[in-house]
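Tertiary structure, described
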Amino acid sequence: MPIWLKTLGVAGTIAAVIASASYLTVADKWGSIFVILALIITLLKQIIAFIGFLTTAIKFLIIFVFIALLVGVGLMVFKAFKGKKKSDE
């Protein structure tokens with residue numbers, strides 16, 4: 001690798017570090033506050049979406065349990081009807 005390319009890489013890295021350091025001093029206090037607020041808002045959105053998912057899952061679970069209960073009662077009635085028919089014969 002040529003020496004001028006290595007030098008340019010080091011100089012570019014130093015320039016990036018200096019630019020980021022000056023940006024951090026400008027946006028030190030208010031930038032941090034806005035970032036924290038953005039993270040809190042994002043967290044609350046995710047929590048609300050998760051609660052919505054959980055309530056939907058619980059609703060479907062209740063529906064499946066109700067359907068299973070109806071099928072179970074129907075099978076019991078069918079067995080009782082079939083058993084009564086056999087005992088009559």
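This section reports on the structure supplied with the text.

All right, on to the overall build of the protein then. Check the secondary structure of the protein and you find two helices and zero strands. Evaluated residue by residue, the protein yields a buried proportion of 0% over its 89 residues. For the protein, the exposed surface amounts to about 8300 Å²; the carbon and sulfur share of it is 80%.

Taken together, Ile-36, Ile-40, Leu-43, Leu-44, Ile-47 and Ile-51 make up a surface patch of nonpolar side chains, about 550 Å² in accessible area. As for its position among the elements, Ile-36 is in helix H2 (residues 29-88). Relative accessible area serves as the criterion here: at 49%, Ile-36 is assigned to the partly exposed category.

Calculation rules
- Residues numbered from 1 in each chain as written.
- Predicted model: local features only at pLDDT ≥ 70, side-chain atom pairs only at ≥ 80, totals over all residues.
- Heavy atoms only, no water.
- Helix = DSSP H or I, 4+ residues; strand = E, 2+ residues; numbered from the N terminus.
- Buried < 20%, exposed > 50% of the residue type's maximum accessible area, 1.4 Å probe, protein only.
- Areas by Shrake-Rupley, 256 points an atom, 1.4 Å probe, with all protein chains shown as cover.
- Patch = residues over 30% accessible without salt bridge, like charges linked within 9 Å, V, L, I, M, F, W, Y side chains within 5 Å.
- Salt bridge = Lys/Arg side-chain N within 4 Å of Asp/Glu carboxyl O.

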